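As a plain string of letters, each chain reads:
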Amino acid sequence: MPRRTFLATGAALLTGAPAAHAHSRRVLHVRPGDSVQAAVDLVSGPGWTIVVHPGTYREVVAVPPDKAELTLRGASCDPRAAVIVYDNAGGTPRPDGSGTYGTAGSATFTSAAPGLTVRDLTLANDWLRADHPEITGTQAVAAYVTGDRSHFDNVRFLAHQDTLFADTTALDAFDRQYYRHCHIEGDVDFVFGRARAVFDTCRFHTLQRDVPFTPKGMVFAPATARADPYGFLALRGRITSAAEDAAYKIARPWVPSYETTAWPSLVVRDTWIGPGIDAVTPYVNMREAYPWQTMRFREYANSGPGAVISVPENRPQLTPAEAALHTPRTYLGDWRPYGRR
């Protein structure tokens, strides 16, 4: 697998580089040679904005819970211009010898802050399996997001396995996330987690993968809490592929060992599904003990070659009355980021 070219300009950045520049009391500007994390560290109190200028910022960035209502945005409207990227995997040894990073710890970008807004950026993990055959923990997360009211607009999420970990701050929390006009790509379970998340007009792109078996991977792996009436909602989007036809599944349910009562929920509606998805059997089990047929997987009004219904029992559909309940307004309640830029 070739390493990605991110189409960014400017010098590469090393963690520990100089801090960002303040233009006003609550706006910080980050330019090549600065550190995005240093700018985050300077934030004190809610309502700050960090503007990331064009460049490739090679570092790990973590936004803690006390940085509430933070906006992190690219200076350009082109999300390819400013790239935050690193290359840890779940099986990468920690420098201090305390073990490996694990799935969540591999993330290039992590946020637990309520009210986070990210726009016009690329968040990437460019770790490649082919470069590290000695590592078996091949999860390599681009973004691990918890915290209620997390909003991503015009953001590219790039990785291979476990690209976007959309999770919650606690097992009993129903944290809400909203993704609009985003590009999310990967191969195995690359949109996964426990969050109540709406993906509005997003593109999900499956990558070519040099393995002799199919499925080569799955787009979604929700792990919704049983008590949460809503999990992942993908609407008005596209599912495209760089792999051969029928090489991928739409989803498989994730029931984590630490939350065996999970009842994964996924609705894909009003979405164009390309030929890369297996239209005959678009869902698969992660473990036989938790068959996908017992999960809350539904579709509605999808189109494209990957949406053709030839075996109805393999493609459970919402009725029109049920579909009226699966909207951004229902999922997000009194928080209404949609339609706002």
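Read on for an overview of the structure. Remember, predicted model here, so these are calculated numbers, not experimental data.

1. A few points about the overall build of the protein
The number of helices and strands found in the protein is four helices and 27 strands. Relative to its length of 341 residues, the protein is compact, with a C-alpha radius of gyration of 19 Å against a globular reference of 20 Å. The buried share among the 341 residues of the protein stands at 58%. In the protein, of all internal contacts separated by at least 6 residues, the share reaching a separation of at least 24 is 69%. Working note: accessible area of the protein is about 13300 Å², and carbon and sulfur atoms make up 55% of it.

2. As for the nonpolar core
One finds Phe152, Tyr179, Phe199, Phe204 and Phe220 to be the most contacted residues of the largest nonpolar core, which totals 60 residues. If near-sequence neighbours (up to four positions away) are discounted, Phe152 is found in contact with Phe109, Leu116, Val118, Leu123, Val145, Phe157, Tyr178, Tyr179, Arg180 and Cys182. Leu235, Val267, Tyr331 and Leu332 belong to the second-largest nonpolar core, a separate cluster that totals eleven residues.

3. Brief notes about the pattern of salt bridges
On inspection of all chains with the given rule, the structure shows 17 salt bridges. Residue Asp200 is joined to Arg236 by a salt bridge in which the shortest nitrogen-to-oxygen separation is 2.8 Å. Taken together, the residues span a long stretch of sequence, with Asp200 in strand E19 (residues 196-200) and Arg236 in the loop between strand E22 (232-235) and strand E23 (238-241) at a distance of 36 residues. The class for Arg236 is partly exposed, based on a relative accessible area of 46%. Here Glu244 ties to Lys216 by a salt bridge, and the two come within 3.4 Å at their closest N and O atoms. Linking Glu244 in the loop between E23 and strand E24 (248-251) with Lys216 in the loop between strand E20 (203-206) and strand E21 (217-222), this pair joins segments that are 28 residues apart in sequence. A relative accessible area of 37% means that Glu244 is categorised as partly exposed.

4. Looking at the sheet that holds E24
Spatially, E6-E9-E12-E15-E18-E21-E24 is the arrangement adopted by the seven strands of the open sheet, whose pairing is parallel. The open sheet has two free edges, formed respectively by strand E6 (61-63) and E24, since each of these has just one partner strand. On average, each strand axis in the sheet is inclined to that of its neighbour by 15°, with strand direction left out of account. In this structure, strand E12 (residues 143-145) lies alongside strand E15 (residues 164-166), joined through three bridges in parallel fashion. Bridging across to E15, Tyr144 finds its partner in Phe165.

5. Re unusual backbone geometry
The amide bond that connects Thr214 to the next residue, Pro215, takes the cis arrangement and shows omega of 0°. Examined against the element boundaries, Pro215 turns out to sit in the loop between E20 and E21. With a phi angle near 50°, Asp270 is a residue other than glycine that sits in the positive phi range. Among the structural elements, Asp270 can be located in the loop between strand E25 (265-269) and strand E26 (272-273).

6. Considerations on the packing of aromatic side chains
Considering all chains together, one arrives at 18 aromatic pairs under this definition. Summarising the aromatic geometry, the rings of Phe165 and Phe192 are spaced 4.2 Å apart at their centres and angled 20° between planes, so their arrangement reads as stacked. Here Phe192 lies in strand E18 (residues 191-193) and Phe165 lies in strand E15, a separation of 27 residues in the sequence. Residue Phe165 is classed as buried on the basis of its relative accessible area, which comes to 5%. Arranged with centres 5.7 Å apart and planes meeting at 85°, the rings of Phe199 and Phe232 form a pair that is edge-to-face. Residue Phe199 is found in strand E19, and its partner Phe232 is found in strand E22; the two are separated by 33 residues along the sequence. Overall, Phe199 belongs to the buried group, its relative accessible area being 1%. Residue class for Phe232 comes out buried when judged on its relative accessible area of 0%. Taken together, the ring pairs in this structure connect Phe152, Phe157, Tyr179, Phe199, Phe204, Phe220 and Phe232 into an aromatic cluster.

7. Focus: the pairing of strand E16 (residues 176-180)
For E16, the tally of buried residues reaches five of five residues, placing the bulk of the element in the interior. By the alternation rule, side chains of E16 split into Arg176, Tyr178 and Arg180 and Gln177 and Tyr179, which are all buried. Of the strand pairs in this sheet, strand E13 (residues 150-153) and E16 are connected by four bridges, and their pairing is parallel. By the bridge assignment, His151 is partnered in E16 with Tyr178. Pairing of E16 with E19 involves five bridges; the strand directions are parallel. Considered in E19, the bridge of Arg180 is made with Asp200.

8. Comments concerning the environment of Val36
Mapped onto the elements, Val36 comes out in helix H1 (residues 36-42). Taking the relative accessible area as the measure of exposure, Val36 reaches 0% and is therefore buried. Considered as a pair, Val36 and Thr136 are 100 residues apart in the sequence and their alpha carbons are 30 Å apart.

What counts and how
- Residue numbers here run from 1 along each chain, matching the order of that chain's written sequence.
- Restriction of local features to residues with pLDDT of at least 70 applies here, the model being predicted, together with a cutoff of 80 or more for giving and counting side-chain atom pairs; totals for whole chains, interfaces and linings are based on all residues.
- Side-chain descriptors were evaluated using all non-hydrogen atoms of the structure, hydrogens and water having been removed beforehand.
- Strands are runs of DSSP state E lasting at least two residues, helices are runs of H or I lasting at least four, and both sets are numbered from the N terminus onward.
- Radius of gyration here uses only the C-alpha atoms, and the compact-globule reference equals 2.2 Å multiplied by the residue count raised to the power 0.38.
- Each residue is placed in one exposure class: buried if its accessible area under a 1.4 Å probe, protein chains only, is under 20% of its type's maximum, exposed if it is over 50%, and partly exposed if it falls in between.
- The criterion used for residue contact is that any of the two residues' heavy atoms lie within 4.5 Å.
- To measure how exposed things are, a 1.4 Å probe is used in the Shrake-Rupley method; for residues, cover is taken only from the protein chains shown.
- What makes a nonpolar core is a set of buried Ala, Val, Leu, Ile, Met, Phe, Trp, Tyr and Cys residues whose side-chain atoms join them at distances within 4.5 Å.
- The salt bridge definition used is simple: a Lys or Arg side-chain nitrogen within 4 Å of an Asp or Glu carboxyl oxygen.
- Two strands qualify as a pair provided that DSSP identifies no fewer than 2 bridges between them.
- An axis is simply a line fitted to the C-alpha atoms; with a helix, the fit covers only the stretch in contact. Between two such axes, the angle follows the N-to-C directions and lies from 0 to 180 degrees.
- Pairing of aromatic rings covers Phe, Tyr and Trp, the last counted by its six-membered ring, and requires centre-to-centre distances within 6.5 Å; plane angles under 30 degrees mean stacked, over 60 mean edge-to-face, and any other angle means tilted.

By themselves, these are just geometric observations and shouldn't be taken as functional.
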